[in-house]
Amino acid sequence: MALTEPQAKVLAALAILEPAQVLTVRELCGLAGRAEAATRAAVQGLADSGLAQGSRTVPVGWRITDRGRSLINARPYREFLPRNGAAAEGTNGASQ
């Protein structure tokens, strides 16, 4: 599956999380550098493709799936990952 640039940026933001951590759309906007509407569209596309998964809590928290982690680590998308391996700031750590 080919990702759009917004999807790749959102997936890369999710990839820096620990497995039990989630990010809200608002948090993803800051990390991915995208507007809320673009971030919502990107995360929904990722979820529809099985690359991200939303929690059942309110607000919805998003996490990367194993399939998404494999894809973002593939050669065409590695450029979107943080170079220093920095952890996401402001994550809420909630689990599904």
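Everything here concerns the structure above.
Residues numbered from 1 in each chain as written. Predicted model: local features only at pLDDT ≥ 70, side-chain atom pairs only at ≥ 80, totals over all residues. Heavy atoms only, no water.

Visitor: Help me understand helix α1 (residues 5-15), please; the structure alone is not making it clear to me.
Guide: Side chains that are three or four residues apart share a direction in an α-helix, a result of its 3.6 residues per turn. Counting buried positions along α1 gives eight out of 11 residues, so the element sits mostly inside the fold. As for α1, its buried residues are in contact with α2 (25-32), α3 (36-48), β1 (52-54), β2 (62-64) and α4 (66-72). (Buried < 20%, exposed > 50% of the residue type's maximum accessible area, 1.4 Å probe, protein only. Helix = DSSP H or I, 4+ residues; strand = E, 2+ residues; numbered from the N terminus. Contact = heavy atoms within 4.5 Å.)

Visitor: Please clarify how the side chain of threonine 39 should be interpreted in this entry.
Guide: The topology assignment puts threonine 39 in helix α3. By relative accessible area, threonine 39 is classed as buried at 0%. Setting aside its immediate chain neighbours within four residues, threonine 39 contacts Val10, Val25, Leu28, Cys29 and Arg34.

Visitor: Explanation requested: the packing of α1 against α2 in the structure shown.
Guide: Each packed pair of helices is defined by two parameters, the angle between the axes and the distance between the axes. Contact pair α1 / α2: the axes reach a minimum separation of 9 Å and the direction vectors enclose 105°. Of the possible angle classes, the one that applies to α1 and α2 is roughly perpendicular. Across the interface between the two elements, Lys9, Val10, Ala13 and Leu14 of α1 pack against Leu28, Leu31 and Ala32 of α2. The class makeup of the residues in the contact of α1 with α2 is six nonpolar, no polar and one charged. (Axes fitted to C-alpha atoms, helices over the stretch in contact; angles between N-to-C directions. Parallel < 35°, antiparallel > 145°, perpendicular 65-115°, else oblique. Nonpolar A, V, L, I, M, F, W, Y, C, P; charged D, E, K, R; others polar.)

Visitor: Explanation requested: the packing of α2 against α3 in the structure shown.
Guide: At a minimum axis distance of 9 Å, the contact between α2 and α3 shows a crossing angle of 105°. In this view, α2 runs roughly perpendicular relative to α3, as classed from their interaxial angle. Each of Val25, Leu28 and Cys29 in α2 lies in contact with α3, whose residues at this interface are Glu36, Thr39, Arg40 and Val43. Looking at the contact of α2 with α3 residue by residue, the class counts come to four nonpolar, one polar and two charged.

Visitor: Whenever I open this one, the environment of glycine 33 confuses me. Can you help?
Guide: Considering the arrangement of structural elements, one finds glycine 33 in the loop between α2 and α3. Separated by 24 residues in sequence, glycine 33 and lysine 9 have C-alpha atoms that sit 8.0 Å apart.

Visitor: What's the story with unusual backbone geometry in this structure? I'm lost.
Guide: A cis amide bond, omega 0°, links valine 58 with the succeeding residue proline 59. By secondary structure assignment, the location of proline 59 is in the loop between β1 and β2.

Visitor: Which parts of the structure should I look at to understand the nonpolar core?
Guide: Most often, soluble globular proteins keep nonpolar side chains buried together rather than apart. If you look at the biggest cluster of nonpolar residues, it comprises 25 residues, and the most contacted ones within it are Leu3, Val10, Leu14, Leu28 and Ile72. Elements with a contribution of two residues or more to this core: α1, α2, α3, β2 and α4. The element contributing the most residues to this core is α1, with seven residues. Excluding anything up to four places from it in sequence, leucine 14 contacts Leu23, Leu28, Ala52, Trp62, Arg63, Ile64 and Arg69. (Core = buried A, V, L, I, M, F, W, Y, C linked by side-chain atoms within 4.5 Å.)

Visitor: So what exactly am I meant to see when it comes to α3 here?
Guide: Its 13 residues place the ends of α3 18 Å apart at the C-alpha level, agreeing with the 18 Å of an ideal helix rising 1.5 Å per residue. For α3, the complete set of buried residues consists of Thr39, Ala42, Val43, Gly45 and Leu46. Relative to the axis of α3, the buried residues are bounded by an arc of 160° and lie together on one face. The exposed residues of α3 that point more than 90 degrees off its buried face are Ala37, Ala41 and Asp48. Where α3 is buried, its residues meet α1, α2, β1 and β2. (Expected span 1.5 Å × (residues − 1). Arc of directions from axis to C-beta.)

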